[in-house]
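Structural features, examined
Residue strings, one per chain:
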Amino acid sequence: MSTEPKFAITPTQAELDQLERNLKFHPANASQADTLSAEQIEQFNKNGYLRPLPLFNDTEAAELRGYFDQLLEDAIAAGGDSYSISTAHLKHGRVYDLLTHPKIISVVKDLLGENVVAWGSHFFCKMPHDGKQVAWHQDASYWPLSPSKAVTVWLAIDDADTENACMRFISGSHHYGHMTYRPADSSEHSVLDQVIENVEQYGTPVDDELKAGEFSVHSDLLLHGSEANESDRRRCGLTLRYCAADVRAGMDWNKKGVVVNGEDPSGHWANPPRPGTP
């Protein structure tokens, strides 16, 4: 029998509407930063993202790609697809290790403060010519978390560029708070079910081009998305999600949260152990 924690993977909008959420940007404090420079903190506060940030060399990135290739093969054999590997840190020790990687945490804590929880891990893998876009959206819109003191790290498994549909940001859009969206239409072939329109009114589009082994980090309120991958190359990234430990999670999402820096004085987050499986 599985002992994996149970929680709602994708809350409905009606469920989220029942929660009282404080969805506004909380700027990082440069005086508390140890790894990032004052200039980087200022850039994050102004633009809502930092990129590119180095993590793995070419050899390490190739080894990580091989690991993901095996996870993907197993997911497809089990009836899933290239987007199915979600909340992977509760199932795979190697993903747990990536989620808790000291170099990533050193950046995240400079943005969120000393007490940090890691709660999400999801591979977004666009196969060649898969025809699926990721519509413009805000991460915070999908999460039963409050306040919105959270960031997403996007770790490149493959090289990601404009040819194979890298992620794109709307610089500065995180300052507008939670935005109105419409449901995605099936004809739009979007991986997600929300669409924010006319995004250029909120800022300038920026391509998040990354080499395999590099990562970016962005605010949970920053508008972002990506086009369909029409190239002959795969484009895979691992999203890793973090929040300040004083954030409250509804719908049992606290069961996913691992304390990765400082402490969680309230004991709200379950802090599950590293899984023994690879």
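See the structure printed just above.
Each chain carries its own residue numbering, running from 1 in the direction its sequence is written. Local features in this predicted model are restricted to residues of pLDDT 70 or higher, and side-chain atom pairs are both shown and tallied only at a pLDDT of 80 or more, whereas totals for entire chains, interfaces and linings draw on every residue. Based on all heavy atoms of the structure, the side-chain values leave hydrogens and waters out of the count.

Remarks on the overall build of the chain
Our working definition: Helix and strand labels come from DSSP, where a helix needs a run of H or I of at least four residues and a strand needs a run of E of at least two; each type is numbered from the N terminus. In this description the radius of gyration comes from C-alpha coordinates, and the expected globular size is given by 2.2 Å times residues to the power 0.38. Whether a residue is buried, partly exposed or exposed follows from its accessible area with a 1.4 Å probe, protein chains only, as a fraction of its type maximum: under 20%, in between, or over 50%, in that order. Note on contacts: a residue pair qualifies if any of its non-hydrogen atoms lie within 4.5 Å across the two residues. Here the positive residues are Lys and Arg and the negative ones are Asp and Glu; neither His nor the chain ends is included. Note that the charge is assigned to NZ on lysines, CZ on arginines, CG on aspartates and CD on glutamates.
Helix and strand counts for the chain come out as 5 helices and 14 strands. What you see for the chain is a C-alpha radius of gyration of 18 Å, in line with the 19 Å of a compact globule of 278 residues. For the chain, the spread of C-alpha atoms along the principal axes amounts to about 50 × 45 × 40 Å. Here the chain, with 278 residues, has 55% of them falling under the buried criterion. Taking the contacts inside the chain whose residues are at least 6 apart along the sequence as the reference set, 85% of them involve residues at least 24 apart. Here the chain carries 24 positive and 40 negative side-chain charges, and the mean point of each set is 3 Å from the other.

Points about the nonpolar core
A general trend in soluble globular proteins is that nonpolar side chains are found buried together. Here is the rule we go by: Nonpolar cores are built from buried Ala, Val, Leu, Ile, Met, Phe, Trp, Tyr and Cys residues. Side-chain atoms within 4.5 Å join them into one set.
The biggest cluster of nonpolar side chains holds 47 residues, and the ones touching the most others in it are Phe-123 and Tyr-242. Grouped together as the second largest cluster of nonpolar side chains are 15 residues, Tyr-142, Leu-145, Ala-249 and Trp-269 included.

A word on helix H2 (residues 38-47)
For H2, the complete set of buried residues consists of Ile-41, Phe-44, Asn-45 and Asn-47. Against the buried residues of H2 lie strand S1 (49-54), helix H5 (102-112), strand S5 (150-156), strand S6 (168-171) and strand S10 (214-219). Within two residues after H2, Gly-48 carries a phi angle of roughly 95°, on the positive side.

Some thoughts on the sheet that holds S10
Put simply, the rule reads: The pairing criterion for strands is at least two bridges between them, as found by DSSP. Every angle, taken between N-to-C directions, lies between 0 and 180 degrees, and every axis is a line fitted to C-alpha atoms, over only the stretch in contact when it is a helix.
With antiparallel pairing, 6 strands are arranged side by side in an open sheet as S1-S10-S5-S12-S2-S14. Edge strands, defined here as strands with exactly one partner in the open sheet, are S1 and strand S14 (258-261). When the angles between neighbouring strand axes are averaged without regard to direction, this sheet yields 30°. In terms of strand pairing, S5 meets strand S12 (residues 235-244) through 7 bridges, oriented antiparallel. Residue pairing across strands places Trp-154 opposite Thr-239, the latter belonging to S12. Along the sheet, H2 contacts S1, S5 and S10; its crossing angle with S1, the most-contacted strand, is approximately 135°. Most of the contacts of helix H3 (residues 58-77) go to strand S2 (residues 116-126), to which it runs at about 75°, and overall it touches S2, S5 and S12.

Note that every value here comes from positions in space, so none of it alone points to a role or purpose.
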